[in-house]
Amino acid sequence: MVSKLGLGCMRMSSIWGGPTPDEAESVATIHQALDSGINFLNTGDFYGAGHNEMLIGKAIKGRRDDAFISVKFGAIFHNGQWIGMDLRPVAIKNFVNYSLTRLGIETIDLYQPSRMDGSVPIEDIIGTIAGLVQEGKVRHIGVTEITPDQLREANSIHPISALEIGYSLADRQIENDLLPAARELGIAVVAFANTAEGLLTGDLQAPIGADDHRNHFSRFQGDNLVHNLEKVEVLKEMARAKGCTPTQLAIAWVKEQDEHIMPLVSMSRRSRLPENMAAMEIVFTPEEMNLLNTTFAIGAIKGGTYLQR
């Protein structure tokens, strides 16, 4: 069993070449999360070139049984730049052993390719991880950023336990076919990017700074952003009426979509924990849910989806 809220640990490391966050605060954040009942810790072996796994290993030392560790693999970075994927069976076997060493554990609870790029047959990827399950190095197999057909194929090779995918009020396209497929197969959904790169926090103003990485996303550009922020005003007004923040509402909405969906929230400071945990207690009236679903219907947000930019 895992907690209903997951802790994303990516922000605890420098993934795009920026400064490394305060490591002591990051470890303290993991400790407080575990003490609060949040046991799902999400990382990638490429977060900070292994730094993230070493950090988690330090944080869970002596309390391995308190944590459920989810690891993504396959993305290749150089000097802070993504340069491709490596999903070859020989690479997967190499990756998992490095991850186990950095984490200081004997078994990874959930192991998943960071995406399927078509370079290696799915049967080879999932089959290799299934072999790691047999060896005792992996407990459950997950997948990330995948199509419904790929999900079904992967599950036919070995039971898939979880699908990690971007999902928010602003990114609902997966409701058409991917979420129904996961539900049909009994696969849990780990939903990241609940605030759509900050669009739904209520803090954003147009235009954003020229050096803001979100300029790469069309939804944050020009008239698209102006239009999208008008939609966010509805979220802000509801948050004021309910005495919470737009961010909390965005997380709560994801939580309310289905019992098999877990919001995954990235944090690197203890101060963020109380607000995000409180979001899990928010409930909506039918009228409130209808207003959000209508305002943020599929296609209501202008610009590319999370994956399409």
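Please refer to the structure placed before this passage.
Residues numbered from 1 in each chain as written. Predicted model: local features only at pLDDT ≥ 70, side-chain atom pairs only at ≥ 80, totals over all residues. Heavy atoms only, no water.

Looking at this structure, I do not really get the overall build of the protein. What am I missing?
When you go through the protein residue by residue, the secondary structure sums to 10 helices and 10 strands. Computed over its C-alpha atoms, the radius of gyration of the protein comes to 19 Å, within 12% of the 19 Å expected for a compact globule of 309 residues. Dimensions of the protein, computed from C-alpha atoms along their principal axes, come out at roughly 50 × 40 × 40 Å. Here the protein holds 309 residues, and 54% of them are scored as buried. Long-range pairs, those at least 24 residues apart, make up 75% of the contacts in the protein with a sequence separation of at least 6. Entry remark: accessible area of the protein is about 13800 Å², with carbon and sulfur atoms responsible for 50%. Counting 28 positive and 38 negative side-chain charges, the protein places the centres of these two groups 3 Å from one another. (Helix = DSSP H or I, 4+ residues; strand = E, 2+ residues; numbered from the N terminus. Rg over C-alpha atoms; globule rule 2.2 N^0.38 Å. Buried < 20%, exposed > 50% of the residue type's maximum accessible area, 1.4 Å probe, protein only. Contact = heavy atoms within 4.5 Å. Areas by Shrake-Rupley, 256 points an atom, 1.4 Å probe, with all protein chains shown as cover. Lys, Arg positive; Asp, Glu negative; His and termini not counted. Charge placed at Lys NZ, Arg CZ, Asp CG, Glu CD.)

Explanation requested: the side chain of R172 in the structure shown.
Relative to the assigned elements, R172 resides in the loop between β8 (162-166) and α6 (178-185). At a separation of 3.1 Å, a polar atom in the side chain of R172 contacts the main-chain carbonyl oxygen of F296. The residues contacting R172, other than those within four sequence positions of it, are Y167, W253, N293, F296, A297 and I298. (Polar contact = N/O pair within 3.5 Å; in protein donor to acceptor, adjacent residues only side chain to side chain.)

Could you clarify how one ought to interpret unusual backbone geometry in this entry?
Note: most peptide bonds trans; most residues except glycine with negative phi. Going from A206 to P207, the amide bond is cis rather than trans, its omega being -5°. Secondary-structure assignment places P207 in the loop between β9 (188-192) and α7 (222-242). Notably, A49 is not glycine yet its phi reads approximately 55°, a positive angle. Mapped onto the elements of the fold, A49 is located in the loop between β2 (40-44) and α2 (51-60). A49 sits in the exposed class, given a relative accessible area of 70%.

Whenever I open this one, the sheet that holds strand β3 (residues 68-73) confuses me. Can you help?
The strands that make up a sheet are held in pairs by hydrogen bonds between backbone atoms, and each pair lies either parallel or antiparallel. Strand order around the closed barrel formed by 8 strands is β1-β2-β3-β6-β7-β8-β9-β10, with parallel pairing between neighbours. Strand-to-strand twist of the sheet, defined as the mean angle between neighbouring strand axes without regard to direction, takes the value 30°. As defined by bridge partners, strand β1 (residues 6-8) adjoins β2 across 2 bridges and the pair is classed as parallel. Along β2, the bridge assignment pairs L7 with L41. α2 rests against β2 and β3 of the sheet, and its axis sits at about 155° to β2. Where helix α3 (residues 89-103) meets the sheet, it contacts β3, β6 (108-113) and β7 (138-144), and its direction lies at approximately 140° from that of β6. (Pairing = 2+ DSSP bridges. Axes fitted to C-alpha atoms, helices over the stretch in contact; angles between N-to-C directions.)

Can you help me understand the packing of α2 against α3 in this one?
The description of two packed helices rests on the angle between their axes and on the distance between the axes. Contact geometry for α2 and α3: axes closest at 7 Å, N-to-C directions at 40°. Comparing their axes, α3 and α2 come out oblique. Residues E53, M54, I56, G57 and I60 of α2 form the contact with α3, whose own contacting residues are S99, R102 and L103. Residues belonging to the contact of α2 with α3 are distributed by class as follows: 4 nonpolar, 2 polar and 2 charged. (Parallel < 35°, antiparallel > 145°, perpendicular 65-115°, else oblique. Nonpolar A, V, L, I, M, F, W, Y, C, P; charged D, E, K, R; others polar.)

How do you make sense of helix α5 (residues 148-157) when you look at a structure like this?
Working note: α-helix, 3.6 residues per turn, so residues spaced by three or four point in the same direction. Among the residues making up α5, those that are buried are P148, L151 and A154. Buried residues of α5, viewed axially, fall in a sector of 125°; they line one side. Residues of α5 that are exposed and angled more than 90 degrees away from the buried face: D149 and S156. Looking at the buried positions of α5, the neighbouring elements they touch are α4 (122-135), β7 and α6. (Arc of directions from axis to C-beta.)

Before we go on, may I ask you to explain the pattern of salt bridges in this structure?
A side chain with one charge may pair with a side chain of the opposite charge, provided their charged atoms come close. Following the criterion strictly, the structure yields 21 salt bridges and no others. A salt bridge links K137 to E135; the nearest nitrogen and oxygen atoms lie 3.7 Å apart. Of the charged contacts, one joins R272 and E275 as a salt bridge, the two residues approaching to 3.3 Å between their closest N and O atoms. Salt bridges here are not isolated pairs; linked through shared partners, they connect D35, R63 and D66. (Salt bridge = Lys/Arg side-chain N within 4 Å of Asp/Glu carboxyl O.)

What exactly am I supposed to notice about the side chain of D212 here?
Its location among the elements puts D212 in the loop between β9 and α7. In terms of polar contacts, D212 uses its side chain to reach the side chain of R214, at 2.8 Å.

Can you walk me through a negative patch on the surface in this structure?
Together, E123, D124, D149, E153 and D177 line one region of the surface with negative charge. Listed by contribution, the elements that provide at least two residues to the negative patch are α4 and α5. By the secondary structure assignment, D149 is in helix α5. (Patch = residues over 30% accessible without salt bridge, like charges linked within 9 Å, V, L, I, M, F, W, Y side chains within 5 Å.)

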